[in-house]
Amino acid sequence: MGGWCSTPAMADQPTASSSSVVGKPLLQPDGGETAHKGEQKAKDAELAELRASLSHSEVRVEQLRAEAETAGERIASLGRERDAALAELGQARSALGAMERERDAAISDLKKPCNGCSLYIQQRDRAIQGQSESEARLQRTNEDLAAALKKLEELQAQHTLLQLQIQQQAPAPQLSPKSTHSTNSHETTIPSLEIDASLLNGLVLPTFTQEATTETGSLNLPEISTLDLPDLGKLAESLDFHLPTNTASNDSSVVQFTVPSTETNSTLMHGIHCSENINLAGLKRQKKKPTYPSGKLEMEDMNFYEFPWQGNPDLAFIGVFDGFAGTGASKAAKAKLAPHLYTMITSGPPKSDYSETLTQCFLEVDQQLSEMEYEGCTCTVVIIWRHEGNRYLQAANIGDSSAYLCQAGISVPLTFDHKVSTPEENERLAKTAKDFEPHQTRIFGCVAVARALGTHFMKREGLGIIAEPYLSPPICLNPDHQFVIVASDGLWDVMTGQDVCDLLQGMSDPKEMASTVISTALRNPKCTDNITVAVGAL
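Computed from a prediction, not measured in an experiment: that's the story for all the values here.

**Describing the environment of Asn312**
Item 1. By the element assignment, Asn312 lies in the loop between strand S6 (301-306) and strand S7 (315-324).
Item 2. By relative accessible area, Asn312 is classed as partly exposed at 21%.
Item 3. For the pair Asn312 and Trp385, spaced 73 residues apart in sequence, the C-alpha to C-alpha distance is 9.7 Å.

**Brief notes about the pattern of salt bridges**
Item 1. Applying the stated criterion to the full structure yields 13 salt bridges.
Item 2. Its salt-bridge partner being Arg65, residue Glu62 comes within 2.7 Å of it at the nearest N-O pair. Taken together, the residues Glu62 and Arg65, both in helix H1 (residues 2-111) and 3 residues apart, mark about one turn of the helix.
Item 3. The class of Glu62 is partly exposed, set by a relative accessible area of 48%.
Item 4. Through salt bridges with shared partners, one network takes in Glu425, Arg428 and Arg451.

**As for helix H11 (residues 510-522)**
Item 1. Along its 13 residues, H11 runs 18 Å from first to last C-alpha, staying within 8% of the 18 Å computed at 1.5 Å per residue.
Item 2. In this structure, the buried side of H11 is in contact with strand S5 (271-277), strand S16 (481-487), helix H9 (489-492), helix H10 (497-503) and strand S17 (531-537).

**Section: the nonpolar core**
Item 1. Formed by 33 residues in total, the largest nonpolar core has its most connected members in Trp309, Leu341, Ile383 and Leu453.
Item 2. Put simply, the parts of the chain that give this core at least two residues each are S7, helix H5 (328-346), helix H6 (355-368), strand S9 (379-387) and strand S10 (390-398).
Item 3. Of all the elements, H5 adds the most residues to this core, at 9 residues.
Item 4. Beyond its immediate stretch of four places on either side in the chain, Ile383 contacts Trp309, Ala316, Phe317, Leu341, Ile345, Tyr354, Leu358, Tyr392, Leu393 and Gln394.

**Some words on the pairing of strand S12 (residues 410-413)**
Item 1. Bridging between strand S11 (residues 402-407) and S12 involves 4 bridges; their strand directions are antiparallel. Within S12, the position partnered with Gln407 by the bridge is Ile410.
Item 2. Where S11 folds back on S12, the antiparallel hairpin that results is connected by 2 residues, among which Ala408 adopts a positive phi of roughly 55 degrees.

**Notes on the sheet that holds S5**
Item 1. The strand order S5-S17-S16-S11-S12 describes an open sheet built from 5 strands, whose pairing is antiparallel. What marks the edges here is a single partner per strand, and that holds for S5 and S12. When the angles between neighbouring strand axes are averaged without regard to direction, this sheet yields 20 degrees.
Item 2. Packing of H11 onto the sheet brings it into contact with S5, S16 and S17, and relative to S5 it is tilted by some 25 degrees.

**A short note on the packing of aromatic side chains**
Item 1. For the coordinates displayed, the defined rule picks out 9 aromatic pairs.
Item 2. Both rings, one in Phe304 and one in Phe317, keep their centres 5.8 Å apart while their planes meet at 50 degrees; by these two values the pair is tilted. Within this pair, whereas Phe304 is found in strand S6, its partner Phe317 is found in strand S7, the two being separated by 13 residues in sequence.
Item 3. For Phe304, a relative accessible area of 25% puts it in the partly exposed group.
Item 4. Residues Phe444 and Phe457 carry aromatic rings whose centres are separated by 6.0 Å and whose planes lie at 65 degrees to one another, so their mutual orientation is edge-to-face. Here Phe444 is found in the loop between helix H7 (423-432) and strand S13 (453-454), whereas its partner Phe457 is found in helix H8 (residues 456-460), with 13 residues between them in sequence.
Item 5. Here the aromatic residues Phe304, Trp309, Phe317 and Tyr342 are joined through ring pairs into a cluster of three or more.

**A word on the environment of Ala325**
Item 1. Its location among the elements puts Ala325 in the loop between S7 and H5.
Item 2. Classification of Ala325 by relative accessible area gives partly exposed; the value is 46%.
Item 3. For the pair Ala325 and Pro290, spaced 35 residues apart in sequence, the C-alpha separation works out to 9.6 Å.
Item 4. Non-local contacts of Ala325, meaning those with residues more than four positions away in its chain, are made with Glu300, Tyr374 and Glu375.

**A look at the side chain of Gln407**
Item 1. With respect to the helices, strands and loops of the structure, Gln407 is situated in strand S11.
Item 2. Within the structure, the side chain of Gln407 is placed 3.4 Å from the side chain of His481, a separation counted as a polar contact.

**Comments concerning the confidence of the model for the chain**
Item 1. Residue-level pLDDT values for the chain average 77, and 71% of them are 70 or greater.
Item 2. Between residues 1-27, whose pLDDT stays under 50, and residues either more than four places distant or in other chains, the model counts 7 contacts.
Item 3. Segment residues 170-262: pLDDT under 50, and 180 contacts once partners within four positions in sequence are set aside and those in other chains are kept.

**What to know about unusual backbone geometry**
Item 1. Looking along the chain, the bond that leaves Phe307 and enters Pro308 is cis, with omega of -5 degrees.
Item 2. Within the secondary structure layout, Pro308 lies in the loop between S6 and S7.
Item 3. Backbone geometry at Gln310 places phi at a positive 50 degrees, although glycine is not the residue there.
Item 4. If you trace the backbone, Gln310 turns up in the loop between S6 and S7.
Item 5. In the Ramachandran plot, Ala408 falls in the positive-phi region, its phi being about 55 degrees despite a non-glycine side chain.
Item 6. Checked against the element boundaries, Ala408 lands in the loop between S11 and S12.
Item 7. The class for Ala408 is partly exposed, based on a relative accessible area of 38%.

Cut-offs used in this document
Residues numbered from 1 in each chain as written. Predicted model: local features only at pLDDT ≥ 70, side-chain atom pairs only at ≥ 80, totals over all residues. Heavy atoms only, no water. Helix = DSSP H or I, 4+ residues; strand = E, 2+ residues; numbered from the N terminus. Buried < 20%, exposed > 50% of the residue type's maximum accessible area, 1.4 Å probe, protein only. Salt bridge = Lys/Arg side-chain N within 4 Å of Asp/Glu carboxyl O. Expected span 1.5 Å × (residues − 1). Contact = heavy atoms within 4.5 Å. Core = buried A, V, L, I, M, F, W, Y, C linked by side-chain atoms within 4.5 Å. Pairing = 2+ DSSP bridges. Axes fitted to C-alpha atoms, helices over the stretch in contact; angles between N-to-C directions. Phe/Tyr/Trp six-rings, centres within 6.5 Å; stacked < 30°, edge-to-face > 60°. Polar contact = N/O pair within 3.5 Å; in protein donor to acceptor, adjacent residues only side chain to side chain. pLDDT = per-residue confidence, 0-100.

In structure tokens form, the structure reads like this:
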């Protein structure tokens, strides 16, 4: 019974326990799983966050690595820039040292007394000696001419007396019959007068062939042996010449006298040629630095020559322009001066003296170059023209490009070197220029010439540079005048005018002459500048 009764009880118990025991397991798994899932989600979220942070860190690491590489390159670049800056600093220090040395040398040069240019002194001494010799010859010539006139008067008196004797049918001593004249079948002997050479014993009529700044021509008389009456007439005409007169020139001591020309040349001159050479080897020896944007050494000399001048066979022009601080001024002067001067010369009748015209032309062309603030140039001009059957030559210059006339193998200077170091210009600058000390060799520390075209900044500042030219006296040409040479200072640094005259003796082709002069100068190791040489064969 108990067993039967227990059966239902046992049957019911499990039911109750299923509600307590079996039901628990059904509740516990649901709450734990939720908590577990929450924890799992939290961990997953944290893991995801860590992964995201790791990914971000990796990106940041890459960025930092790239930044590090960029910084490294920048450091390397800065290192290179630093090295370049140090190199430039070293060069700047070297340049500064060189400038300080140049400054010290300039200061030392300023403190030294200036004895003038040796070449100019030689030329000046030669000119002074030539002038003294010329004055002495002129005195002797005047005395000889006075004696000749006296003898002519005596001869004319003798001739008059002889004619009276002939008319009186008196014998005529020392007369030799040379021609007869028949009149009405009566033959009368008409003698012509023969002059014994002994009557002219001691009479010397020299030809002017020596160097002198005072001469503009030569007196050529026939050889005296025996002269008949027509010859005496020619001799009397040849004695009609002009005594010395002052001419328009910078030097009041320069005197001109005009002698009638005996030449019969139908052409004004034989020709002109100009040769030039940049002389790079010489410039490098001088260690000259280029002053141009190209960074190259360039030819600063310019030239212009023309014969016939603008088609006029009675005019010729030669000009040399040596530029400094660039080529602008020399190129402009080359283009402007010759046409302007031609217009001025041909606007009126020909003259025997163009001093005023040349001076006015130089000053007006300088005004046309007013935009040239710092660039400047020397200017040396020679003009040749015909007037009343005679040929004339005249020169004008500013700066140190010089011209010489070769007369019977002797060089005659036509120009004056306007260097700051010359005593005359140095004295003028000391009196008129601002901030100029006596014996100073350069203006504003850089310009070595005291007269030039252009450089209007220095002219406005009153530093002493002017454009008024030196003028040679007009020279009446004769067969003794062989050629004229115009050249930049690159030639005259190594040769004198007499050197050139000696070198070109026996030559007549101006092209060959100019080339010979340049090649000779370039062989001199002291030749360190551009060279321009123009030769006019007269």
